Amino acid sequence: METKYQMPDRSRSYFISLAGSIALFGNLLLCALKLCFAHFSGSLAVLGDGIDSATDTLIALATIFVSRVISRPSDSEHPWGHGRAETVATMILSFVIFFAGGQLFLSSAKSLLHFRSIQAVNSDFLAIIAATISIFGKSILAFSQFVIAKKCKSDMVLANAKNMKSDILMSAGVLTGLFAAKIFSLPFLDPLAALFISVWVIKSAFEIFSETNRELMDGNLDSKMYDKLFEAAMSVKGVSNPHRARIRKIASRWDIDLDIEVDANMSVFDAHEIAENVADAVKNAIPDVYDIMVHVEPAGHFHQHAEQFGLSMNKQFKRNA
């Protein structure tokens, strides 16, 4: 049975590092430009956009570091390899992004509370240029991250690509606010735009945290993967009642446990061959399987002994009474 292509770990780490390098230099340039323009224009919205690019720079640095860690082979202390380094780094970054968003929220809220003291942006022209450059630059960076993420199937790079896509909308919001403030002579629209940006950043941090926390807790919301697992197991002749299935994620790959039943009178050799065929069928049905453990039981054993954890074909958890 033909197995779907799986990118070698070293090639994958190279592309993750490449994505990090592109994002690093691109966001460093954008961050420097935005903070410079924010200083001379006095725009809180542009400052917030610059802070967001600074967090993107930190994400890029973490991506480069993680690409080196995950390329290491498994060892006695890490028998499952170092793939979870990508998840841990992403979770830490969610706190960094949340902190940056919180600081911007407090600054913009404080400015809005002192409504009467809000001054117009010193240079609308510089602020508008900054927002326009941000939209153009983030579009290029987002496109490159999506292309590389698809090639190496990295959730971290994909999350960064989605984050940059959101940044395009954010910069567009800044640009709209600046135009509105200039046309209608309403200076409070600048800190108001900054406030909305801060909420957006905090929301992104929360979403990243939720996703990485689910992975660290070995959670999986994709029920279709279990459908594929059971269908693949049942496609092998001699297999019955696949159960106690568990699928967890390690970086972008899957670690799978599965129990199957075979004829109780079958030889150990034949039962082992069936288990190997099941493993091959699963790898063909589910791409990027890191490891799969198929446990063989005599037919009827499952009904005689209650077992804890895992899903059966009817998606019900089997727990001890």
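Model, not experiment: these values are computed from the prediction.

## Remarks on the overall build of the protein
Thought 1: Tallying secondary structure elements over the protein gives 9 helices and 3 strands in all.
Thought 2: Listed by position from the N terminus, the elements making up the protein come as α-α-α-α-α-α-α-β-β-α-β-α.
Thought 3: Burial analysis of the protein (321 residues in total) assigns 46% to the buried set.
Thought 4: Taken as a whole, the protein presents about 17200 Å² of accessible surface, with 64% of it coming from carbon and sulfur.

## Quick look at the environment of methionine 266
Thought 1: For methionine 266, the location among the structural elements is in the loop between β2 (253–262) and α8 (268–285).
Thought 2: On the basis of relative accessible area, methionine 266 is assigned to the partly exposed category, the value being 28%.
Thought 3: Here methionine 266 is in contact with Ala271 and Ile274, once residues within four sequence places are set aside.

## Details of the side chain of aspartate 259
Thought 1: Take aspartate 259: it is sitting in strand β2.
Thought 2: The side chain of aspartate 259 is buried and forms no salt bridge, while arginine 244, the nearest opposite charge, is found at 4.0 Å.
Thought 3: Engagement of the side chain of aspartate 259 in a polar contact is seen with the side chain of histidine 295, the distance being 3.4 Å.

## Digging into the sheet that holds strand β3 (residues 289–298)
Thought 1: With mixed pairing, 3 strands are arranged side by side in an open sheet as β1-β2-β3. Two strands close off the open sheet at either side, each with one partner strand: β1 (240–250) and β3. Taking the axes of each pair of neighbouring strands and ignoring which way they run, one obtains an average angle of 15° across the sheet.
Thought 2: Note: β1 against β2, 7 bridges, orientation antiparallel. When the sheet's bridge partners are listed, histidine 243 is paired in β2 with aspartate 259.

## Digging into the packing of aromatic side chains
Thought 1: Per the stated rule, a full pass over the model turns up 2 aromatic pairs.
Thought 2: A centroid spacing of 5.3 Å and a plane angle of 70° characterise the contact between tyrosine 14 and phenylalanine 15, whose relative ring orientation is edge-to-face.
Thought 3: Ring plane angle 75° and centroid distance 5.6 Å describe the contact between phenylalanine 95 and phenylalanine 209, whose orientation is recorded as edge-to-face. With a gap of 114 residues between them, phenylalanine 95 in helix α3 (residues 84–113) and phenylalanine 209 in helix α6 (residues 189–216) connect regions that are remote in the sequence.
Thought 4: Residue classification places phenylalanine 95 among the exposed positions, given a relative accessible area of 51%.

## Concerning the packing of helix α7 (residues 223–234) against α8
Thought 1: Where α7 meets α8, the axes come as close as 8 Å, and the angle between the chain directions of the two elements is 140°. Classified by the angle between their axes, α7 and α8 sit oblique to one another. As α7 runs across α8, the sense of the crossing is right-handed. For the pair α7 and α8, the contacting residues are Lys228, Leu229, Ala232 and Ala233 in the first and Val278, Ala281, Val282 and Ala285 in the second.

## A look at unusual backbone geometry
Thought 1: Unlike most non-glycine residues, asparagine 241 shows phi in positive territory, near 45°.
Thought 2: Structurally, asparagine 241 is set in strand β1.
Thought 3: Owing to a relative accessible area of 22%, asparagine 241 belongs among the partly exposed residues under this scheme.
Thought 4: The backbone of arginine 244 sits at a positive phi, close to 50°, despite the residue not being glycine.
Thought 5: With respect to the helices and strands, arginine 244 occurs in strand β1.

## Let's talk about the pairing of β3
Thought 1: Pairing analysis gives 9 bridges linking β2 to β3, with the strands arranged parallel. What sits directly across from leucine 258, in β3, is valine 294.
Thought 2: Note that the unit made of β2, α8 and β3 has a crossover that is right-handed.

## Details of the pattern of salt bridges
Thought 1: Overall, the coordinates contain 4 salt bridges when judged by the stated rule.
Thought 2: For lysine 138, the salt bridge is made with aspartate 56, and the minimal N-O distance between the two is 2.5 Å. Note that lysine 138 is positioned in helix α4 (residues 124–152) and aspartate 56 in helix α2 (residues 44–70), a separation of 82 residues in sequence.
Thought 3: Judged by relative accessible area, which is 0%, lysine 138 ranks as buried.
Thought 4: Lysine 203 serves as the salt-bridge partner of glutamate 207, at 2.6 Å between the closest nitrogen and oxygen. With glutamate 207 and lysine 203 both in helix α6 and 4 residues apart, the pair spans about one turn of that helix.
Thought 5: When its relative accessible area of 35% is taken as the criterion, glutamate 207 is described as partly exposed.

Procedures and definitions
Residues numbered from 1 in each chain as written. Predicted model: local features only at pLDDT ≥ 70, side-chain atom pairs only at ≥ 80, totals over all residues. Heavy atoms only, no water. Helix = DSSP H or I, 4+ residues; strand = E, 2+ residues; numbered from the N terminus. Buried < 20%, exposed > 50% of the residue type's maximum accessible area, 1.4 Å probe, protein only. Areas by Shrake-Rupley, 256 points an atom, 1.4 Å probe, with all protein chains shown as cover. Contact = heavy atoms within 4.5 Å. Lys, Arg positive; Asp, Glu negative; His and termini not counted. Salt bridge = Lys/Arg side-chain N within 4 Å of Asp/Glu carboxyl O. Polar contact = N/O pair within 3.5 Å; in protein donor to acceptor, adjacent residues only side chain to side chain. Pairing = 2+ DSSP bridges. Axes fitted to C-alpha atoms, helices over the stretch in contact; angles between N-to-C directions. Phe/Tyr/Trp six-rings, centres within 6.5 Å; stacked < 30°, edge-to-face > 60°. Parallel < 35°, antiparallel > 145°, perpendicular 65-115°, else oblique. Left-handed = near helix turned anticlockwise from the far one by under 90°. Right-handed = clockwise from strand over helix to strand, strands pointing away.

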